Each structure stands twice: as C-alpha cells, then as structure tokens.
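Per-entry structural report
Letter by letter, the chains look like this.
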Amino acid sequence: MARKVLSYGVLSDHEQDANGHTFFGSGNTAEGWHGRQSVTEPTTFQKFLHTFYGVPLPEPVIEGAVGLKVHYRTGEDAAPTDAGGDKYNVDGGYQQDGVHGASGTRTDRASWNVDYSIYDQTAEFANAQILVDINPTAAKEWLTFNYDAGNNVFVAVDKNGDLRFLETGNGPGTVKQDSINLAFFIDLIDNDGNASNGFQAWDMEHGQFDFQIRSLSEHDGMLTTGVTVNVGEMFEVA
C-alpha cells in the first residue's frame, strides 16, 4: 500500500469523465488539484514472479482519494504559491463578469471557490468529512460536514444549531464532488474575527481560510488533505 501526493496534479481516472472534467458543474477540469491517493501496488512476491518467471505484474489500483482545488468561480484556476501546493492567494470581492475568466456577475457569491473530490472504491465513504474554516483570521473555526449516506449529502450543525449542507454532485456512486463558496456561509463569518465585539458581516474582501477533507481508506487508514486560502489584503499572511 502506498500514498500518492498530488501537489498540483490531476485527479484519478475514477474522478473524471471521458473529457477530463469532473462530474459536477460544467467543464470543471480534473487538473490543478491538491490531494492524496491510496494505491495498492504489486507485492514483493508478485515482483519476484515477474522478474524470474515473466508473470505479468498487476496494475496499481487506486482504492481511495481525496482532493481540493482552488479556482475563480466559473473562471480560471488559482495556482499555489508554495511547492507543496497547499497555499493559495486569491482576489477578494464577489464574482465579476470577465474578471479571472468568470462568466457573469454574482454579487451574492465570493469570487473564488474551493472544490472537493472524494473517491472510495467501496462506495461507503466511512467517516468522510469536509471541514470549512469560517474564521477570517489566522485562527480556525471549523464548520464540520459529515457524510450522511441516507441522504447522500454532507451535513454540518452551525453555532446556532442550524443544519448546513454541501451537495455531492452527479457522479458515480464511488465519487462525491462539488464546490464550496464561502458566501454560502457568509452569515456565520464575523468580519473582524471577534464575535464578542458584535457581529459584522464579512465583506468577502479579506481573510485567511482553511479547508480540509478526510475519508477512511479501507486498507490505508484515514486519507486527509488541506489547503489554505489567503484572500485579498491577507496576501501577506505566511
């Protein structure tokens, strides 16, 4: 068993259609993702048989995968700012037609998305979670979404006791994919990061936000990956 790291790579074949697109949205590419894959590789004995007796080696098998991608909503990808591929800088504000390749103006949506993808060969998605940081400072306040198999949706309970949802796209049963836009949760994000001083609605112009994704691989334990997104005037944050 091995773990393959995607620093800024391509999703597995299981997580894309024949045209190299994801199963949600329209024309979202399978390139530019940060993630982990659990891969079953040929055993030492199988390699021995191949070397000395010419027995064909079995192909590596991807049993599980998790991935996150940062891009401008309906527009171009955001490239990572570090070699590890998990830190990104994006412009703040709302989606504007033609800016970063965006199609149409949406004042009710942040200019950027984080997309997620989970592949589970067993289609069980045991303990699968998506964590969204809703604190615009360097501190983290997680909104934790757990996979609800009965309703095929990720569900979180917010600090007010209300349910929040993340859809799972239209892919095959072994894949869950969709996008996350922080404007979905704008009513939970305190603009100054200090709710005790009174809630100030987030302006979409700044912030440091983290995203994590986790899924239990049948043979390789918990797969997890995460990205940090610095928005607008937070570019200088390390």
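Quick caveat: nothing in here was measured; it's all calculated off a predicted structure. (Residues numbered from 1 in each chain as written. Predicted model: local features only at pLDDT ≥ 70, side-chain atom pairs only at ≥ 80, totals over all residues. Heavy atoms only, no water.)

**Here's the deal with the overall build of the protein**
Applicable threshold: Helix numbering and strand numbering both begin at the N terminus, where a helix is a DSSP run of H or I of at least 4 residues and a strand a DSSP run of E of at least 2. Throughout, exposure labels follow a simple rule: accessible area from a 1.4 Å probe, protein chains only, divided by the maximum for the residue type, with under 20% read as buried, over 50% as exposed, and the rest as partly exposed. Contact criterion: two residues are considered in contact whenever any of their non-hydrogen atoms come within 4.5 Å of each other. The Shrake-Rupley method, run with a 1.4 Å probe sphere, supplies the accessible areas, and residue values consider only the shown protein chains as cover.
Summing up its helical and strand segments, the protein has one helix and 14 strands in all. The proportion of buried residues among the 238 residues of the protein is 44%. In the protein, of all internal contacts separated by at least 6 residues, the share reaching a separation of at least 24 is 59%. If you sum the accessible surface of the protein, you get close to 11,200 Å²; carbon and sulfur atoms cover 49% of it.

**Some words on the sheet that holds strand 12 (residues 175-180)**
Put simply, the test is: DSSP-based pairing: two strands are paired if at least 2 bridges between them are found. Note on method: axes are straight lines fitted to C-alpha atoms, helices fitted across the in-contact stretch only, with angles between N-to-C directions ranging 0 to 180 degrees.
With antiparallel pairing, the five strands of this open sheet are ordered in space as 1-2-3-7-12. The strands lining the two open edges of the sheet, one partner per strand, are strand 1 (2-9) and strand 12. In this sheet, neighbouring strand axes are inclined to one another by 10° on average, regardless of whether the strands run parallel or antiparallel.

**A short note on a nonpolar patch on the surface**
Threshold: Residues enter a patch when their relative accessible area is above 30% and they make no salt bridge; the linking distance is 9 Å between like charges and 5 Å between nonpolar side chains (Val, Leu, Ile, Met, Phe, Trp, Tyr). Counted as salt bridges are all cases of a side-chain nitrogen of Lys or Arg within 4 Å of a carboxyl oxygen of Asp or Glu.
Residues Phe52, Tyr53 and Val55 make up a contiguous nonpolar surface patch of about 360 Å² in total accessible area. Judged by its relative accessible area of 35%, valine 55 is partly exposed.

**Some remarks on the packing of aromatic side chains**
We apply this condition: When two rings of Phe, Tyr or Trp (its six-membered ring) have centres within 6.5 Å they constitute a pair, described as stacked for plane angles under 30 degrees, edge-to-face for angles over 60, and tilted for the intermediate range.
Taken as a whole, this structure holds eight aromatic pairs when the rule is applied. Pairing tryptophan 112 with phenylalanine 209 gives two aromatic rings, centres 6.5 Å apart and planes at 35°, and the pair type is tilted. One end of the pair, tryptophan 112, is in strand 7 (residues 112-120); the other, phenylalanine 209, is in strand 13 (residues 206-217), with 97 residues separating them in the sequence. For tryptophan 112, a relative accessible area of 1% translates into the label buried. For phenylalanine 209, a relative accessible area of 0% puts it in the buried group. Through pairs of rings, three or more aromatic residues link up here, namely Trp112, Trp202, Phe209 and Phe211.

**Re the nonpolar core**
Quick note on the threshold: The criterion is simple. A nonpolar core is a set of buried Ala, Val, Leu, Ile, Met, Phe, Trp, Tyr and Cys residues joined through side-chain atoms within 4.5 Å.
Formed by 38 residues in total, the largest nonpolar core has its most connected members in Trp112, Val132 and Phe211. Looking at this core, the elements that each hand over two or more residues are strand 3 (61-72), strand 4 (87-90), strand 7, strand 8 (129-133), strand 9 (142-148), strand 10 (153-157), strand 13 and strand 14 (221-232). Counting five residues, the second largest nonpolar core, distinct from the first, contains Val39, Ile62, Tyr119 and Val175.

**A short note on the pattern of salt bridges**
Scanning the entire structure with this criterion turns up eight salt bridges. We note a salt bridge from aspartate 86 to lysine 87, for which the minimum N-O separation is 3.7 Å. For lysine 87, a relative accessible area of 33% translates into the label partly exposed. In this structure, lysine 159 and glutamate 141 form a salt bridge, with 3.9 Å as the shortest nitrogen-oxygen distance. Taken together, the positions of lysine 159 in the loop between strand 10 and strand 11 (163-166) and glutamate 141 in the loop between strand 8 and strand 9 put the pair 18 residues apart, joining distant regions of the chain.

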